[in-house]
Amino acid sequence: GITLLQVLPALDEASPSSTSSFEMLDMESVPAPYQEVQPHWFFCLRADDNTSWLPFSREDSDKLERANTGKGLYEVVVAVDGERYDINVKERKRYAVYWEQAPTEVRRCTWFYKGDKDTTFKPYPEAFSQSLEEAYMIAVTLDEWKRKLEFPTGETVILHNPKLIMHYQPFGLQDEWVSSPSEQTRPRTVKRGVDSISVEIPDGEPEKVDHLVFMVHGIGPACDLRFRSIIQCVSDFRSASLSLLASHYKRAQQDGQVGRVEFLPVNWHNALHGDATGVDEDIQRITLPSISRLRHFTNDTLLDLFFYNSPTYCQTIVDTVASEINRLHALFKQRHPGFSGAVSVVGHSLGSLILFDLLTNQRTGSETREGALCHDSDLKVLGIPLGPRKKILNYFHREQSVTSAVDYEYFDVGIGQVSIEYPQFAFQPQTFFAFGSPIGMFLTVRGLKHIDPNYTFPTCKNFYNIYHPYDPVAYRIEPMIVSEVDLEPMLIPHHKGRKRMHLELKDSLTRMSMDLKNNVLGSLRTAWQSFARLPVAALPPVEEGETTIERHLEETQDSSESAEQSEQPEIKVGMLNGGRRIDYVLQEKPIESFNEYLFAIQSHLCYWESEDTALLLLKEIYDKLGVTFEQPQQ
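Residues numbered from 1 in each chain as written. Predicted model: local features only at pLDDT ≥ 70, side-chain atom pairs only at ≥ 80, totals over all residues. Heavy atoms only, no water.

Per an unreviewed UniProt entry, the recorded name for the chain is DDHD domain containing 2, and the organism is Scophthalmus maximus. Under the heading Sequence similarities (unreviewed entry), UniProt records this for the chain: "Belongs to the PA-PLA1 family." (UniProt positions renumbered as here; feature names shortened; annotations may be inferred.)

Set out below in C-alpha cells:
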C-alpha cells in the first residue's frame, strides 16, 4: 500500500505556498537538472532468503530492460548468464535451465539502502523505489530539500540534500533483539542508482560456445569443505575458466577465435539418496551419536563407495549418470542449435570411476552389430536365468580372450559386478578428465594388475588423470600400464607461470596421505571381497611379455633443475591418452589446515577452485582447436 504515500513539505519552512509552488513554477524559466535514474537488474541468490542480491552483467541487464519496456500481452522470457537461466520478465522470476533449483526473485533496481550493520547495499522493492524517485524529482526540480516522505507503514525517508538521504524505521518494525533505544533509531543510508553504490557488476560471457564439458561429482552431496553443491562448485570452475580465457587467450578472444567453454553439473546423488531408497535413514540409525561434520562427510563418502560396489545401487548410479548426461546434452543442443564443438567429460572422485566404467563399456557401431549375442541383456531377453547367463558370458569371455590377445568388449562380466547393463552415451566424448580419482585403486581391488598398453576407450581417445599430491582418494594410472619404468607424474604448471615453493612438510604429509590411503584400501578390499564373490579382472590381465610396449626412452636426459618437462624424452605410456602422458600432479599450495583428516579432505576437494586444473583443461581443449595460449606478462 505504498501508493498512499504523502510527501510533506520541506521541514524548515512549512509555509503554505511550498506545497503549491510546484504548480506555480514557470517550468521554462528554470532549466530542470533532473535526469531519470538508470535502472540495473538484480537477482536474488536464494529462494528462501531475501537479503542476498547480485547484479546481472550489463549485457543481461540491458536485455531485460529492453524486454521490460516493450511490454506486450505476452510473457517475455529472456535467457541470461550464458543461457543457463531464463528470466520471466513479467513474473520477475529467474529459473534454472539445466538443474533443479527453486525460482528466485528478479528486480529492476533504481534505489538502494544499507543498514548500520550491513556490509553491502540492497535494492528496494520497485514500488518503493518509484515513490522515492518521484519525491527526488520534485526536490531536484524545485531545488527544495529537507523533504520528508512518510509511508503508511510508519517508515520515514528524509531527503536532506541530493547526496544525503536517510530512511528511518518506526520502533515496531525494528528487529526483536535490538537492545538499546539509541540503536533503534539508527537510520539506513539511501542511495540512488547503481553507480552510486560500490558493487561489482560482472562481465558478460562470450556468446559463442567452443566446447561443452559435463562434470560428474564424486562422493556425497557436498563437493567441498564448505559443503557447497555441485552446482556451486561447477559455477566456480566455470568462472575460473572464463577469467583464464580472458588472461591466457586474450588475443585469440579479441580476434574472435575463442568464445568460451560451457561446464554443466551432472547431479546424480539426489536420485540415490532421496527418500526413494531409504538407505540414509538406515545408516543414520547405526551411526555413532558423537557425529561431527567430518563424520557426516565420511558417512556420505564411504556410503557412495559401498553403494557403487553393490549391484543394485551400481545399476541405479550408472543409469542416473548416463541419462542425466544425455538429457543435458539434448537440452544444450536444443538451446544452442548452432553449436558444432566437441564434448568432454570430467569426473571427480567416485564420479571418475563411474565415467571410467561407462566409457570402458561404450560400444561403437560395428561392435553392436557383431557382438550382440554376447551381451547380458540379450541373454536376459531369451529368459535365461542369472546363473546360466553368467556361465555363458564367462565362456564367451574366455573364448574371446584365448583367440585375441587383447579383448575389452565384455566388461559387464569382468567388473566384479554381475550383469550390470551399461547405458550408452548419445555422443562420443573427446576427452575424459579424472580429478582426484580412485580408478587405479578400484581396478587393483578388482584383481587387475596391468592395463594393456594398446587399450583405449572405445569412443573416447583422450584421458587425463589429475590429482593433488596428498589426496587420499587419488591413485595413479601410468604404473599400471608401464610397470618397468618408474615414471614421475607430469607436474601441472602454475597458471601464473612459475613453480610454487616446495614445503619442508612434504615428507610427513606424503607419509600421512599414504597411511590414510592404506586404511581406505584395506577396508575397501575387505568390503569388495564380501560384495563380489567372484572378483574377475576389469581389463583382462595380459600375460607378461604378451605385448611389446614401444617405448622411446632417450639416454640423454637433462639433469639440470630448470629442465622443463616438455623437453624430457618422449615416453610412450600406452594408448589410453593417444600415446601421451596420463598422470598429472598439481603443485601443492601452502597448507591451511594441520589437522590431518581435514587436510586430507581439503586435498581431495581442491580441484573445483584450482586455476591450474582449469588451465590444463583449456589447454587440452584449445590445442585440439589449433589455438595456442599466451602466458600473460607478470
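Enquirer: Please provide a residue-by-residue account of the overall build of the chain, values included.
Expert: Broken down by element type, the chain carries 20 helices and 20 strands. Put simply, the chain has 634 residues, and 48% of those count as buried. Considering only intrachain contacts with a sequence separation of at least 6, the fraction spanning at least 24 residues in the chain is 73%. (Helix = DSSP H or I, 4+ residues; strand = E, 2+ residues; numbered from the N terminus. Buried < 20%, exposed > 50% of the residue type's maximum accessible area, 1.4 Å probe, protein only. Contact = heavy atoms within 4.5 Å.)

Enquirer: Could you give me a rundown of the side chain of threonine 459, with the residues and numbers involved?
Expert: Looking at the secondary structure, you find threonine 459 in the loop between helix 16 (439–445) and strand 18 (462–467). Judged by relative accessible area, which is 8%, threonine 459 ranks as buried. The contact partners of threonine 459, leaving out residues within four places of it in the chain, are Leu359, Gln362, Arg363, Thr364, Gln428 and Pro429.

Enquirer: Break down the pairing of strand 11 (residues 156–161) for me, with residues and values.
Expert: Pairing analysis gives 4 bridges linking strand 10 (residues 147–150) to strand 11, with the strands arranged antiparallel. Bridged to lysine 148 within strand 11 is isoleucine 158. A loop of 5 residues connects strand 10 with strand 11, the two strands running antiparallel in sequence, and glycine 154 in this loop sits at a positive phi of about 95°. Between the end of strand 11 and the start of strand 12 (residues 164–168), which pair antiparallel, lie 2 residues. (Pairing = 2+ DSSP bridges.)

Enquirer: Tell me about the packing of aromatic side chains, and name the residues and values.
Expert: By the definition in use, this model includes 24 aromatic pairs. Each ring, one from phenylalanine 214 and one from phenylalanine 427, has its centre 5.8 Å from the other, and the planes form 40°; the classification is tilted. In this pair, phenylalanine 214 is assigned in strand 14 (residues 209–216) and phenylalanine 427 in the loop between helix 15 (411–414) and strand 17 (431–435), connecting sequence segments 213 residues apart. Note on accessibility: phenylalanine 214 and phenylalanine 427 belong to one class, buried. Considering the side-chain rings of phenylalanine 356 and phenylalanine 457, the 5.5 Å spacing of their centres and the 80° angle between planes classify their relative orientation as edge-to-face. Placement of the pair is phenylalanine 356 in helix 11 (residues 350–360) and phenylalanine 457 in the loop between helix 16 and strand 18, with a sequence separation of 101 residues. Note on phenylalanine 356: relative accessible area 2%, which makes it buried. Its guanidinium or amino end placed over the ring of phenylalanine 43, arginine 94 lies 4.0 Å from that ring's centre, counting from NZ or CZ. (Phe/Tyr/Trp six-rings, centres within 6.5 Å; stacked < 30°, edge-to-face > 60°. Lys NZ or Arg CZ within 6 Å of the ring centre and 35° of its normal.)

Enquirer: If you had to explain the side chain of histidine 248 to someone new, which residues and values would you point to?
Expert: Tracing the chain through its elements places histidine 248 in helix 5 (residues 230–248). By relative accessible area, histidine 248 is classed as buried at 3%. Among the polar contacts listed, one links the side chain of histidine 248 to the side chain of serine 247, at a separation of 2.8 Å. If we ignore the near neighbours within four places in the chain, the residues touching histidine 248 are His495, Leu615, Phe629, Glu630, Gln631 and Pro632. (Polar contact = N/O pair within 3.5 Å; in protein donor to acceptor, adjacent residues only side chain to side chain.)

Enquirer: Explain the packing of helix 10 (residues 311–335) against helix 11 to me, and be specific about the residues and the numbers.
Expert: Between helix 10 and helix 11, the shortest axis-to-axis distance is 10 Å and the interhelical angle comes to 80°. One way to sum up the angle between helix 10 and helix 11 is to call them roughly perpendicular. Contacts from Ile317, Val318, Val321, Ala322 and Ile325 in helix 10 reach Ile354, Leu355 and Leu358 in helix 11. Classifying every residue of the contact of helix 10 with helix 11 gives 8 nonpolar, no polar and no charged. (Axes fitted to C-alpha atoms, helices over the stretch in contact; angles between N-to-C directions. Parallel < 35°, antiparallel > 145°, perpendicular 65-115°, else oblique. Nonpolar A, V, L, I, M, F, W, Y, C, P; charged D, E, K, R; others polar.)

Enquirer: For the packing of helix 5 against helix 20 (residues 611–624), give the residues involved together with the corresponding values.
Expert: For the pair helix 5 and helix 20, the least separation of the axes is 9 Å and the interaxial angle reads 65°. Classified by chirality, the crossing of helix 20 by helix 5 is right-handed. Residues Phe237, Ala240, Ser241, Leu244, Leu245 and His248 of helix 5 touch helix 20, and the partners they reach there are Glu611, Thr613, Ala614, Leu615, Leu617, Leu618 and Tyr622. For the contact of helix 5 with helix 20, the per-class residue count stands at 9 nonpolar, 3 polar and 1 charged. (Left-handed = near helix turned anticlockwise from the far one by under 90°.)

Enquirer: Explain the nonpolar core to me, and be specific about the residues and the numbers.
Expert: With 108 residues, the main nonpolar core has Phe214 and Phe432 as its most contacted residues. It is helix 10 that provides the largest number of residues to this core, a total of 9 residues. If we ignore the near neighbours within four places in the chain, the residues touching phenylalanine 432 are Val345, Gly347, Ser352, Leu355, Phe356, Leu359, Ile439, Phe457, Cys460, Asn462, Phe463 and Tyr464. Counting 16 residues, the second largest nonpolar core, distinct from the first, contains Leu132, Tyr136, Trp145 and Leu159. (Core = buried A, V, L, I, M, F, W, Y, C linked by side-chain atoms within 4.5 Å.)

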